[in-house]
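# Secondary and tertiary structure notes
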Amino acid sequence: MTPGLRRNAATWAITEQGYTQRRACRLVGIDPKTWRYASCRPDDKAARARLRELTGERRRFGYRRLRILLDREGIAMNHKKLFLLYHEEGLSVRKRGGRKRAQGTRSPMVLSNGPNLRRSLDFVSDALNSGRRFRVLTVVDDYTRKCLGLVADTSLSGERLGRELDRIAESRGFPMMIVSDNGTEMTSNAILAWQEKRSVLWRYIAQGKPQQNGFLESFTGRFRDECLNVHLFRNLAHARTVIDA
């Protein structure tokens, strides 16, 4: 019999049968102090409610990244306790299966009404003559439609992405909002820490809905047609020179 069932059995014997606490606890095999113990665990209703709200907004975030968002709002919690609440609420990220469904931030996206307020970014991939793949980070101002950065490299991690955004901000400042897809670099812990430190709102488009980032999609389409598809790149240095030009 589990401790919970023993406690319930002792309670039934005391209330229904009129047994004393000592006798009821002896019959079910628990200490009277255990039966009288009252939990002093704090109420977690507010934290549970906010955790469910954040999971609804960021449905592919695990408890570690959700903890960063909770800390940002002043809800400090040990990672073990958060893990327990996360599983008790049934919020575990489920393995993907079947056809893709649109997932992202459900609230409407605010349109930019001035330069340097909202930027969009994405990655475009291509290959060198040797067959080695490389990627190009594209950053566009949604108001002026101007390309603010084209960074070509074989590997572009979340840390590298943050450094490139800082480099652009040195001359143009930080925007109010950045729009991107749900790629692993965009949702990494490094980017979550970056946007918190810079106070930049990061919005993710719904999966399978590239039209929500139409300005950047238009630019990357022209970039591929007018540059990547018409040049053969000998090496990465040659690709960078052509792309910069």
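Preceding block: the structure.
Residues numbered from 1 in each chain as written. Predicted model: local features only at pLDDT ≥ 70, side-chain atom pairs only at ≥ 80, totals over all residues. Heavy atoms only, no water.

The final tally for this structure, using the stated rule, is six aromatic pairs. Geometrically, the ring pair formed by Tyr63 and Phe83 is edge-to-face, given 5.0 Å between the ring centres and 65° between the ring planes. A residue pair is termed long-range when its members are at least 10 positions apart, and Tyr63 in helix H5 (residues 63–72) and Phe83 in helix H6 (residues 79–88) qualify at 20 residues. For Phe83, a relative accessible area of 37% corresponds to the partly exposed category. Taken together, a centroid distance of 6.2 Å and an interplanar angle of 90° make the contact between Trp194 and Trp202 edge-to-face. Over the face of the ring belonging to Phe123 we find Arg135, whose NZ or CZ atom lies 4.1 Å from the ring centre. (Phe/Tyr/Trp six-rings, centres within 6.5 Å; stacked < 30°, edge-to-face > 60°. Helix = DSSP H or I, 4+ residues; strand = E, 2+ residues; numbered from the N terminus. Buried < 20%, exposed > 50% of the residue type's maximum accessible area, 1.4 Å probe, protein only. Lys NZ or Arg CZ within 6 Å of the ring centre and 35° of its normal.)

Mapped onto the elements, Gly214 comes out in helix H9 (residues 214–226). Classification of Gly214 by relative accessible area gives partly exposed; the value is 33%. Through-space distance from the C-alpha of Gly214 to that of Ser120 is 9.4 Å; in sequence the pair is 94 residues apart.

Residue placement: Glu185 occurs in the loop between strand E4 (177–180) and helix H8 (189–198). Judged by its relative accessible area of 15%, Glu185 falls in the buried class. Here Thr184 takes part through its side chain, which lies 3.5 Å from a polar atom of the side chain of Glu185. (Polar contact = N/O pair within 3.5 Å; in protein donor to acceptor, adjacent residues only side chain to side chain.)

Inspection of the entire model under this criterion finds zero disulfides. This cysteine, Cys147, is not joined by any disulfide, and Cys227 carries the nearest cysteine sulfur, 11 Å off. (Disulfide = S-S within 2.5 Å.)

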